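So the chains spell out like this:
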Amino acid sequence: MRKEPTDVDASVDVNTQVRGTVAEGFEPVRAAFARNFATLGDRGAAVTVYRHGRKVVDLWAGTKDVDGTEPWRRDTAQVVRSATKGVAAAVLLLLHQRGELELDAPVGDHWPEFKAHGKDRLLVRHVLNHRAGLPVLDHPLTPAEAADPLRAAAAVAAQAPVWEPGTDHGYHALTYGWLLDELVRRVTGRGSGEWIASEIAAPLGLDLWVGLPDAQAHRVGKVGRIEGPEPSGVLRARPKRSVTDAYADPSSLTRRAFAAITPFPDQNDPAFRAAALPAANGVATADGLARFYASLIGPVDGVRLLEPATVERARAEESAGPDRVLVVATRFGLGYMLHGSASPFLAPGSFGHPGRGGSLGFADPESGIAFGYVTNGFRRTVTADPRAQALVRAVRQSLTA
């Protein structure tokens with residue numbers, strides 16, 4: 001039997017101290033977290049791990065702002081970018097679980113205007129498994145337009161697919177959020193951010209928002225790009241030429257998918273954080289992200305979100321192979337990335353979602369692990385940040401020691 005978590009105050013250097021708690025046996029996570037600051041360039045970050053609904057790791061260090069001096073505190077939250085997608089996916093899965101939404105129903109059954117340009121047979125599950133064929137917008141939205149749910153919904157409804165829906169897959173970096181948000185609005189009468197707040201965050205007491213309330217803005221740190229040394233070992237491999245070329249070519253699906261909002265919003269802008277963009281602008285603490293995933297696979301203080309059958313549906317492989325947007329091979333279930341070379345999680349049965357540049361949340365039903373990592377320093381990584389991966393390896397080590 002593991003002992004209760006013990007206090008930690010492990011010095012990394014004169015400027016950075018790791019604070020928080022770890023349960024006996026999870027000390028490798030504390031050591032890996034400290035190394036992220038000492039060798040991988042982290043400025044401010046937190047990691048939380050639950051096992052079978054009980055918190056076993058809760059660590060934080062560095063500064064609240066990427067370029068500041070105010071210390072990161074237990075309740076510091078950050079923008080988690082595409083890690084938001086995993087939270088948003090739970091909305092459609094819960095609606096399905098409650099009998100309010102059929103995964104194999106055409107989206108147009110709920111949203112008649114969406115049927116334009118041959119999208120009448122595009123299914124709800126295609127939104128979740130990235131097979132909708134709508135990763136780009138021919139006419140990108142401005143930040144203000146992107147934050148307007150009516151304008152954004154009209155844009156994706158008017159867009160012609162770039163491949164026949166259901167026949168292939170490609171990461172819907174930004175359009176995923178507008179597709180999902182309007183579906184939720186048509187089914188429930190509420191936007192996804194409001195739905196998440198009342199049906200997911202409130203019952204679990206999560207520090208997690210899609211559409212940050214003004215009252216919580218003081219807790220959120222400033223994010224920014226950082227550079228860090230390349231890690232040793234397999235993760236040191238440089239991207240293939242095809243990947244580099246795809247990101248460099250303005251006409252590629254890769255560049256166009258990430259440019260669906262042009263120019264991309266300032267992620268430190270209060271207006272951006274207050275908008276509900278369920279593909280890209282969730283704000284969370286590491287505990288909020290980990291506790292969410294813990295509630296998908298088991299009870300947390302008596303609350304469980306997904307039934308076992310829904311979990312199995314969520315993590316069953318729906319898409320696999322070369323991704324038409326990310327170029328590398330990816331695997332998706334229903335709204336979640338699955339363990340694979342592009343986005344390694346804990347084990348083959350794990351499911352979750354990274355955020356471009358660093359953040360990561362996932363669950364592993366077999367081990368009972370739920371994981372959340374948030375940071376204010378975004379690196380150039382898309383799906384497998386070396387800092388998050390170091391922590392995942394440490395969790396694996398803790399379980400096998």
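The structure we're discussing is the one just above.
Residues numbered from 1 in each chain as written. Predicted model: local features only at pLDDT ≥ 70, side-chain atom pairs only at ≥ 80, totals over all residues. Heavy atoms only, no water.

What is the right way to read the overall build of the protein from this model?
Counting secondary structure elements, the protein contains 13 helices and 15 strands. Its C-alpha atoms give the protein a radius of gyration of 20 Å, within 12% of the compact-globule value 21 Å for 401 residues. Here the contacts in the protein between residues at least 6 apart in sequence split such that 67% fall between residues at least 24 apart. A total of about 15,500 Å² of accessible surface is found on the protein, and carbon and sulfur atoms cover 50% of it. (Helix = DSSP H or I, 4+ residues; strand = E, 2+ residues; numbered from the N terminus. Rg over C-alpha atoms; globule rule 2.2 N^0.38 Å. Contact = heavy atoms within 4.5 Å. Areas by Shrake-Rupley, 256 points an atom, 1.4 Å probe, with all protein chains shown as cover.)

Can you help me understand the packing of helix α2 (residues 84–97) against helix α11 (residues 286–297) in this one?
Angle between the axes and distance between the axes: these two values describe a pair of packed helices. Interaxial distance between α2 and α11 falls to 11 Å at its minimum, and their mutual angle equals 35°. The element α2 and its partner α11 pack so that their crossing is left-handed. Between α2 and α11, the residues in contact are G86, V87 and A90 and L289, F292, Y293 and L296, respectively. In terms of residue class, the contact of α2 with α11 is made up of six nonpolar, one polar and no charged. (Axes fitted to C-alpha atoms, helices over the stretch in contact; angles between N-to-C directions. Left-handed = near helix turned anticlockwise from the far one by under 90°. Nonpolar A, V, L, I, M, F, W, Y, C, P; charged D, E, K, R; others polar.)

When you look at unusual backbone geometry in this model, what are you seeing that I'm missing?
Trans peptide bonds make up the majority, and among non-glycine residues the majority have a negative phi. Backbone torsion omega between T262 and P263 reads -5°, so that peptide bond is classified as cis. By the element assignment, P263 lies in the loop between α9 (253–258) and α10 (270–274). Phi is positive for H130, which is not a glycine, with a value near 65°. As for its position among the elements, H130 is in the loop between α3 (124–128) and α4 (143–146). At V327, a position not held by glycine, the phi torsion is positive, near 75°. Looking at the element boundaries, V327 is found in the loop between β9 (319–322) and β10 (329–332).

How do you make sense of the side chain of N281 when you look at a structure like this?
In this fold, N281 is placed in the loop between α10 and β8 (283–284). Among the polar contacts listed, one links the side chain of N281 to the backbone oxygen of F272, at a separation of 2.7 Å. A distance of 2.9 Å separates the side chain of N281 from the backbone nitrogen of L277, its partner in a polar contact. The contact partners of N281, leaving out residues within four places of it in the chain, are V79, R81, T84, W209, V210, F272, R273, A275 and A276. (Polar contact = N/O pair within 3.5 Å; in protein donor to acceptor, adjacent residues only side chain to side chain.)

Sorry if this is basic, but what is going on with the nonpolar core here?
The nonpolar side chains of a soluble globular protein tend to be buried with one another. Of all hydrophobic cores here, the largest spans 116 residues; its most connected members are W178 and F292. By residue number, the principal contributor to this core is α2, which donates nine residues. Sequence-distant contacts of F292, that is, excluding residues within four places in its chain, are made with G86, V87, A90, I200, L206, L208, L305 and Y336. With six residues, the next largest nonpolar core counts A77, W209, V220 and V283 among its residues. (Core = buried A, V, L, I, M, F, W, Y, C linked by side-chain atoms within 4.5 Å. Buried < 20%, exposed > 50% of the residue type's maximum accessible area, 1.4 Å probe, protein only.)

Would you take a moment to explain the sheet that holds strand β5 (residues 78–79) for this structure?
Adjacent strands of a sheet pair through backbone hydrogen bonds, lying either parallel or antiparallel. If you trace the three strands from one edge of the open sheet to the other, you get β5-β8-β6, paired in antiparallel fashion. Taken across any chain shown, the strands that pair with only one partner, and hence form the sheet edges, are β5 and β6 (208–209). As defined by bridge partners, β6 adjoins β8 across two bridges and the pair is classed as antiparallel. Each bridged residue has a counterpart across the sheet, and for W209 the counterpart in β8 is V283. (Pairing = 2+ DSSP bridges.)

Can you help me understand the environment of G211 in this one?
Along the chain, the position of G211 falls in the loop between β6 and β7 (224–225). A relative accessible area of 21% means that G211 is categorised as partly exposed. For the pair G211 and V283, spaced 72 residues apart in sequence, the C-alpha separation works out to 7.9 Å. Not counting residues within four places of it along the chain, the set of residues in contact with G211 comprises R273, A274, A275 and A276.

Where do I start with the packing of aromatic side chains in this structure?
For any pair of aromatic rings, the description consists of the separation of the ring centres together with the inter-plane angle of the planes. A complete count under the given rule lists 12 aromatic pairs for this structure. When the centroid spacing of 4.8 Å and the interplanar angle of 35° are considered together, the rings of W111 and F114 count as tilted. Judged by its relative accessible area of 0%, F114 is buried. A centroid spacing of 4.9 Å and a plane angle of 75° characterise the contact between F292 and Y293, whose relative ring orientation is edge-to-face. Here K119 stacks its cationic end above the ring of F114, 4.9 Å away from the centre of that ring. (Phe/Tyr/Trp six-rings, centres within 6.5 Å; stacked < 30°, edge-to-face > 60°. Lys NZ or Arg CZ within 6 Å of the ring centre and 35° of its normal.)

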